[in-house]
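Next come the chains, spelled out residue by residue.
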Amino acid sequence: MDHQPQSDADFLEPSVLLDETHYQEGFKNGYHDGLSSGKEEARQVGLKMGFQVGEELGFYQGCLDVWMSATRIDQNAFSTRVRKNIEQLAELVSSYPLSDPENEQVQDVMEKIRLKFRVITASLGARLEYEGRPASSKQDVEDL
């Protein structure tokens, strides 16, 4: 009688092993598919974010170019305090680590640039704002 239960167990063992084999095969296939699609998706997100950062920095640099040109034409176009803030913003924009996106200070530098820009525009009484970032940032969160 002992022999009969082992025979039943042996009968079920191949189907259990087959199920486990299919599970492992499916896992491996899914993992490799996810790895390749994840790399492509990460590349696309990186390109998009890089473009947005470049666009925002270009906006700030364009404003700096206009303000610096105005200063070259007329030294008294802006107060000493505003000129000092413009110089500080120029230093911040030029110090942004474009070629090192993994730099941990990237966010800090960008926040300092945004803050300094707001200080300058407030001092000038100008209602000037980079509008690309807020709309695209909200869209990015929705995309993810």
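All figures in this text were calculated on a predicted structure; none of them were measured in a lab.

So, on to the overall build of the chain. Each helix and strand counted, the chain has 4 helices and 0 strands in total. Counting from the amino terminus, the chain carries its helices and strands in the arrangement α-α-α-α. Taking as baseline every contact in the chain between residues at least 6 positions apart, the subset at least 24 positions apart corresponds to 64%. Total accessible area computed for the chain in this model is approximately 11100 Å², and 55% of it derives from carbon and sulfur atoms.

With 19 residues, helix H3 (residues 106-124) ought to run about 27 Å at 1.5 Å a step, and its terminal C-alpha atoms sit 27 Å apart, in line with that. Buried within H3 we find Val106, Val109, Met110, Ile113, Arg114, Lys116, Phe117, Ile120 and Thr121. Looking down the long axis of H3, one finds its buried residues gathered within 165° of arc, a one-sided arrangement. Opposite the packed face of H3, turned more than 90 degrees from it, sit the exposed residues Gln107, Lys112 and Ala122. Count one or two residues on from H3 and you reach glycine 125, which has phi positive near 70°.

With 16 residues, helix H2 (residues 80-95) should cover 22 Å at 1.5 Å per step; its first-to-last C-alpha distance of 23 Å lies within 8% of that length. Every buried residue belonging to H2 is among Val82, Asn85, Ile86, Leu89, Ala90, Leu92 and Val93, and all of these are buried. The buried residues of H2 occupy one face: seen down the axis, they fall within an arc of 165°. Seen from the open side of H2, the exposed residues pointing more than 90 degrees away from its buried face are Thr80, Arg81, Lys84, Glu91 and Ser94.

Our focus in this paragraph is the UniProt feature "domain: Essential protein Yae1 N-terminal" (unreviewed entry) in the chain. Here the UniProt-annotated "domain: Essential protein Yae1 N-terminal" (unreviewed entry) positions come out as residues 26-64. Between the C-alpha atoms that bound residues 26-64 there is a distance of 56 Å. The span itself is 100% helix and 0% strand.

Quick notes on the rules
Residues numbered from 1 in each chain as written. Predicted model: local features only at pLDDT ≥ 70, side-chain atom pairs only at ≥ 80, totals over all residues. Heavy atoms only, no water. Helix = DSSP H or I, 4+ residues; strand = E, 2+ residues; numbered from the N terminus. Contact = heavy atoms within 4.5 Å. Areas by Shrake-Rupley, 256 points an atom, 1.4 Å probe, with all protein chains shown as cover. Expected span 1.5 Å × (residues − 1). Buried < 20%, exposed > 50% of the residue type's maximum accessible area, 1.4 Å probe, protein only. Arc of directions from axis to C-beta. UniProt positions renumbered as here; feature names shortened; annotations may be inferred.

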